[in-house]
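If you want the building blocks of each chain, they are given just below.
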Amino acid sequence: MTSSPTWPRRFATRLLHTGHEQDPTTGAAAVPIYQVSMFDQPGLETPGEFDYARSGNPTRKALEGVLAALDEGHAAFAFGSGMAAVSSVLMLFSAGDHVVVTDDCYGGTYRVLTRVFSRFGLQATFVDTSDPDAVRAALRPNTRALLVESVSNPFLKRTDIPAMARVAQAHGALLIVDNTFLSPALSRPLTEGADIVIHSATKYLGGHSDVVAGAVVVKTPALAQELGFLQNAVGAVLGPQDCFLLQRGIKTLQVRLERQVRTAGALAKWLTERPEVRRVFYPGTGAVVSFRLAQDTLAAPFVESLQLPLLGVSLGAVESIVTVPARHSHASVPVAERERRGITDGLIRFSVGLEDLEDLQEDFVRAFTQADRAAA
Ligand SMILES: *Cc1c(COP(=O)(O)O)cnc(C)c1O
C-alpha cells in the first residue's frame, strides 16, 4: 500500500511522473522486480519497511502508488486478478449483509456472488443500475453497498456515478465501481462520489495481453486500513513480475485509449450503417462495441472468419479482441439467466485495439461475405 497526498499534474503526465516511477535506492529509470519472499531485518527491535512479501514488496508498492495517483484515491492495492480484487472487496461485508449489483455485470462477479459469497450469507440483488429508481427500490435495511459497473457488459449501459453516489450516501451504503471498461484515462469515479474503484488490470491498465491482475483504489484512510488488512489477511497479492509489467503498460494508457476510443466510435457508426448488422451497442465512450448481426446464426461463422482480432475472452488490449459473450465472458451465467438478459449466441462484443480502422473494416466486410456464404 502506498498513499500519495497530492497530484499536482495532469493525467497524461501522471502516468509517467508520480514519485513511484524510479527506484528510490539507485535512481534506475524503472522500479526493479524485487523477486523475493522476505527481507532481512536490521534487528529485533528495529524492523525494516518490508518484512514478508505478502505484506509488502517494493515493486508492488511502486505500482500501488501509481494506481492511487491515477484514480486520485488515498491508497491502492494490487491483486492477483480482477476477481481477486472483487472478492477481496466483498470480504468487507459479513453474513446477513446485502449488496445491490449491476444486472449485466461481469460473469465472474455474478458467479462469485451467487455461488461463493452466497454460501457465507452475503445477499445480492441484481438490478439495472442505469435506472436510479430501480436501485432505490432494491435497497434493504441491511444494504451495505452498491456494486456497479460504470459501463456494463456486454450491453455497455452507462451507470450515472454521481446519481449512484447520492443513492448510496442517503442509505449509508458504500458505492463500489468496477471501472474496468473505462479505466482512469476516461473516468475517475472517486472524484464523482464513489468510495472504492475496482479494475481488472488485465484489461486496459496492462493493455498488452500479457498479465492477469486486479486493482482496488479507495478514497479514505479508513477504507485503506480495511483493504490493507484484507489484502494481507487473504493474501491474493500480485507478484513482482506482474507488478512490473503493469507499471510498464500503464505508461501508455492515455495514448492507447485516445486512439482506441476514436477507432471504436468510427467503427460503431459504420456498423450501424451496415445491412448485415441489426443492432449496435456503443455508449459513446470507451473502446468496446457490441452488436447483433441480422441473423443470430451468422455470428459464429462471422467471428471465425475474422482474421485480425484475437478470438476469445478479454478486452482492452493493443490487439482487437472479438468475443461471443454467451460462449466466453458469460459462459458461467446459467442459460436461463443469459436468455433473460438477451445474451444469446448472436451477440458479438468487439474490443477495439490499435489496428487501422480501414483494416478492421475490410476484415469485417470479408467476414460478412464469408459468413453469408457459409450459411447459404
Ligand atoms: C475481466 C473483468 C473482471 C475480472 O478480472 P480478471 O482479471 O479476469 O480476474 C472483472 N470485472 C470486469 C468488468 C471485467 O471485464
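Residues numbered from 1 in each chain as written. Predicted model: local features only at pLDDT ≥ 70, side-chain atom pairs only at ≥ 80, totals over all residues. Heavy atoms only, no water.

## With respect to the side chain of histidine 330
Consideration 1: Inspection of the secondary structure puts histidine 330 in the loop between strand 11 (321–323) and helix 12 (335–341).
Consideration 2: For histidine 330, the residues in contact, after removing those within four places along its chain, are Cys105, Gly107, Asn153, Pro154, Pro325, Arg338, Arg341 and Ile343. (Helix = DSSP H or I, 4+ residues; strand = E, 2+ residues; numbered from the N terminus. Contact = heavy atoms within 4.5 Å.)

## Regarding the site of the ligand
Consideration 1: Taken together, the neighbourhood of the ligand is formed by 13 residues, with Gly82, Met83, Asp178, Thr202 and Lys203 sitting nearest.
Consideration 2: Between an oxygen atom of the ligand and a main-chain N or O atom of methionine 83, the distance comes to 2.8 Å.
Consideration 3: Here a nitrogen atom of the ligand and a side-chain polar atom of aspartate 178 are 2.7 Å apart.
Consideration 4: Calculation on the ligand without its partners gives an accessible area of 380 Å², and the protein chains cover 92% of this total.
Consideration 5: Among the residues making up the shell around the ligand, the classes are represented as five nonpolar, five polar and three charged. (Near = heavy atom within 4 Å. Polar contact = N/O pair within 3.5 Å; in protein donor to acceptor, adjacent residues only side chain to side chain. Areas by Shrake-Rupley, 256 points an atom, 1.4 Å probe, with all protein chains shown as cover. Nonpolar A, V, L, I, M, F, W, Y, C, P; charged D, E, K, R; others polar.)

## Remarks on the UniProt feature "modified residue: N6-(pyridoxal phosphate)lysine" (unreviewed entry) in the chain
Consideration 1: Under the UniProt annotation, the feature "modified residue: N6-(pyridoxal phosphate)lysine" (unreviewed entry) is placed at Lys203.
Consideration 2: Mapping lysine 203 onto the fold places it in the loop between strand 6 (196–200) and strand 7 (214–218). (UniProt positions renumbered as here; feature names shortened; annotations may be inferred.)

## Section: the pattern of salt bridges
Consideration 1: In this structure the tally under the stated criterion is 15 salt bridges.
Consideration 2: The residue aspartate 356 makes a salt bridge to arginine 259 at a minimum N-O spacing of 3.5 Å. Highlighted residues: aspartate 356 in the loop between strand 12 (347–351) and helix 13 (357–375) and arginine 259 in helix 10 (residues 253–272), separated in sequence by 97 residues.
Consideration 3: Two residues, glutamate 273 and lysine 269, come together in a salt bridge whose shortest N-O distance is 3.6 Å. Take glutamate 273 and lysine 269: they sit in the same class, and that class is exposed.
Consideration 4: What emerges from the salt-bridge pattern is a single network uniting Arg14, Glu72 and Arg188. (Salt bridge = Lys/Arg side-chain N within 4 Å of Asp/Glu carboxyl O. Buried < 20%, exposed > 50% of the residue type's maximum accessible area, 1.4 Å probe, protein only.)

## Some details on the sheet that holds strand 4 (residues 143–149)
Consideration 1: Taking strand neighbours across the sheet as the criterion, the seven strands line up as 1-7-6-5-4-2-3 in an open arrangement whose pairing is mixed. In this open sheet, the two strands that pair with only one neighbour each are strand 1 (75–79) and strand 3 (123–127). On average, each strand axis in the sheet is inclined to that of its neighbour by 20°, with strand direction left out of account.
Consideration 2: Docked against the sheet, helix 4 (residues 107–115) engages strand 2 (98–102), strand 3 and strand 4, running at close to 145° with respect to strand 3. (Pairing = 2+ DSSP bridges. Axes fitted to C-alpha atoms, helices over the stretch in contact; angles between N-to-C directions.)

## A short note on the environment of proline 47
Consideration 1: Considering the arrangement of structural elements, one finds proline 47 in the loop between helix 1 (11–14) and helix 2 (58–70).
Consideration 2: With residues near it in sequence (within four places) discarded, proline 47 still touches Gln41 and Pro42.

## Let's talk about the nonpolar core
Proteins that are soluble and globular tend to have nonpolar side chains buried together.
Consideration 1: Counting residues in hydrophobic clusters, the biggest one holds 72 residues, and the most contacted among them are Leu175, Leu271, Phe291, Phe302 and Phe364.
Consideration 2: At seven residues, the largest contribution of residues to this core is made by helix 10.
Consideration 3: Residue contributions to this core reach at least three from each of two domains, namely domain 1 (2–250) and domain 2 (253–375).
Consideration 4: If we ignore the near neighbours within four places in the chain, the residues touching phenylalanine 364 are Leu267, Trp270, Leu271, Phe291, Phe302, Leu306 and Phe350.
Consideration 5: Val99, Leu147, Leu174 and Ile176 belong to the second largest nonpolar core, which has 31 residues in total. (Core = buried A, V, L, I, M, F, W, Y, C linked by side-chain atoms within 4.5 Å. Domains from an automatic or database assignment.)

## Notes on the packing of helix 2 against helix 9 (residues 240–250)
Consideration 1: The geometry of helix 2 relative to helix 9 is characterised by a closest axis approach of 8 Å and an angle of 35° between their N-to-C directions. Crossing of helix 2 against helix 9: the hand is left-handed. Only Pro240, Cys243, Phe244, Leu246, Gln247 and Ile250 of helix 9 make contact with helix 2, whose side of the interface consists of Thr59, Arg60, Ala62, Leu63, Val66, Leu67 and Leu70.
Consideration 2: Looking at the contact of helix 2 with helix 9, its residues break down into ten nonpolar, two polar and one charged. (Left-handed = near helix turned anticlockwise from the far one by under 90°.)

## A short note on the domain arrangement of the chain
Consideration 1: Splitting the chain by domain gives domain 1 (2–250) and domain 2 (253–375).
Consideration 2: Residue-level contacts link 32 residues of domain 1 with 35 residues of domain 2.
Consideration 3: Here domain 1 and domain 2 share an interface that buries about 2,700 Å² over both sides, 64% of which is from carbon and sulfur atoms.
Consideration 4: Three residues, Phe155, Leu156 and Tyr204, lead the burial of domain 1 against domain 2; their summed loss comes to 27% of the area buried on that side.
Consideration 5: Linking domain 1 to domain 2 there are zero salt bridges.
Consideration 6: Mapped by element, the contributors of at least two residues to the side of domain 1 that touches domain 2 are helix 1, helix 4, helix 7 (183–186) and helix 9.
Consideration 7: Class assignment of the residues belonging to the side of domain 1 that touches domain 2 gives a composition of 17 nonpolar, ten polar and five charged. (Buried area = accessible area lost by both parts, 1.4 Å probe.)

## A few points about the sheet that holds strand 12
Remark on secondary structure: sheet strands pair via backbone hydrogen bonds, oriented parallel or antiparallel.
Consideration 1: Pairing within the open sheet is mixed, and its five strands lie in the order 8-9-12-11-10. Both edges of this open sheet fall to strand 8 (277–281) and strand 10 (310–311), since each of them pairs with a single strand only.
Consideration 2: Two elements, strand 9 (residues 288–293) and strand 12, share five bridges in a ladder whose sense is antiparallel. Bridge pairing in strand 12 links serine 290 to arginine 349.

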